[in-house]
Amino acid sequence: MNVRLLAPRALLVLLTCFTAPAWSQDGAGLKRVRVGMPNRGATTMGLAAAQNYGFFRAQGLFAELIVMRPSTSLQTLMSGDLDFSTALASGARAAISGLPLRIVMTFTTGQDFSLVVRPDIRRMEDLKGKTLAVSGVGEFTDVGARLMLKKYGLVPEVDVKLRALFGNHPLRLSALQAGQIDGTIMAMPYNKMAVKMGYKELVHLREIIKTPQGGLVTTAQKIRGDPDGIGRTIKAVLLANRYLKQNKGEFTKLLAKESGVHDPVVAGLIHEEIVNLYSDTGVVSDEAMQEFIANSKETLKSSRDVSSSEVADFSFARKAVSELKEPK
């Protein structure tokens, strides 16, 4: 069967058949919420925690977390067969392009990417004359590397060579181990796996790029028609994020289940990161929002003025934070 030929509704039915958990019939009497997500990684772990530890249920919700491509999740969201997509960057670009989509919360305060280098490289200045690998020209790792180098006074392709290794994180990690490159930008868990091997995280990309990674995107129609459901969903995720930050053991178990990371050292390093990475409010600063919009406009080659309200509505997240009690 050619899945690409299926309409969003038919595709969602097919995906749900393959991804719905065995306990999916336990949601009787609860409001069903469907969330499309590109993967079940560390940055979206709050959704899995809300599902596994009862935070959705406590809000009267039954969540279906469905893995699908960002473009597919946005199409399915627009068709009304999803309630939320976690494709934050794609959602922002779609909103700027004129689609009635809004970001209603963010999962993180920034990116989980970092620059991993050989252990003998102690400062950014030590990269002069060295080679860094990126995933491809113009891709996020390439843009991030160039911004990072410029911030520290280094000229890309003059002071530091950028080598495109078209492939996944394991390919770049293998190149680092083989001595073919001096460093590369990687996301979790691969940057933490490299740290365990003896390599060094020199700079976290969130220090350079303020835009968040992952969140909830929904439609203007849902904002008008189901504000209570949006608020309850955000509360569940915020409580789950808080729980994971405070309970390393449960985070480690859930990480193994969701992402296949069974190494306790790597899991511990990831947890150290998420304590700073997971958002406590689901809201980003005006500065970060403007940077997010500017980056999206640059990708789209758009010159029109775009207000934050055309891309995001954080009123639900702010209300959720005000209503949540402080932990005892």
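For the structure, check the block above.
Now for a description of the structure that goes with this document. (Residues numbered from 1 in each chain as written. Predicted model: local features only at pLDDT ≥ 70, side-chain atom pairs only at ≥ 80, totals over all residues. Heavy atoms only, no water.)

Once that is clear, we can look at the packing of helix α5 (residues 88-96) against helix α13 (residues 286-300). The geometry of α5 relative to α13 is characterised by a closest axis approach of 9 Å and an angle of 70° between their N-to-C directions. As far as their axial angle goes, α13 and α5 are roughly perpendicular. Where α5 abuts α13, its residues L88, A89, A92, R93 and I96 lie against F292, I293, S296, K297, T299 and L300. (Axes fitted to C-alpha atoms, helices over the stretch in contact; angles between N-to-C directions. Helix = DSSP H or I, 4+ residues; strand = E, 2+ residues; numbered from the N terminus. Parallel < 35°, antiparallel > 145°, perpendicular 65-115°, else oblique. Contact = heavy atoms within 4.5 Å.)

This part is about the pairing of strand β7 (residues 161-164). In this sheet, β7 lies alongside strand β6 (residues 131-134) in parallel orientation, the contact comprising four bridges. Note on β7: the bridge partner recorded for T131 is K161. Handedness of the crossover is the feature at issue here: the chain leaves β6, passes through helix α6 (residues 140-151), returns alongside β7, and the resulting connection is right-handed. (Pairing = 2+ DSSP bridges. Right-handed = clockwise from strand over helix to strand, strands pointing away.)

We now examine the sheet that holds β7. Strand order in the open sheet formed by five strands is β7-β6-β8-β5-β9, with mixed pairing between adjacent strands. Of all strands in the sheet, those bounded by a partner on one side alone are β7 and β9 (200-204). Strand-to-strand twist of the sheet, defined as the mean angle between neighbouring strand axes without regard to direction, takes the value 30°. The sheet contacts of helix α7 (residues 169-177) involve β5 (114-117), β6 and β8 (183-186), and relative to β8 the element is tilted by about 160°.

What follows concerns the environment of T131. For T131, the location among the structural elements is in strand β6. Taking the C-alpha atoms as reference points, T131 and I181, separated by 50 residues in sequence, lie 5.4 Å from one another.

Our focus in this paragraph is the pairing of strand β1 (residues 31-37). It is a general feature of regular strands that their side chains alternate between the two faces of the sheet. By the bridge criterion, seven bridges tie β1 to strand β2 (residues 61-67) in an arrangement that is parallel. In the sheet register, R32 faces β2, and the bridge partner there is F62.

The next point concerns helix α2 (residues 45-52). Within α2, seven of the eight residues are buried, which leaves it mostly tucked inside the rest of the structure. For α2, the complete set of buried residues consists of M45, G46, L47, A48, A49, A50 and Q51. Looking at the packing, one finds that the buried side of α2 touches β1, α3 (55-58), β2, α10 (227-246) and α11 (248-259). Looking one or two places after α2, you find G54, whose phi comes out positive at around 85°. (Buried < 20%, exposed > 50% of the residue type's maximum accessible area, 1.4 Å probe, protein only.)

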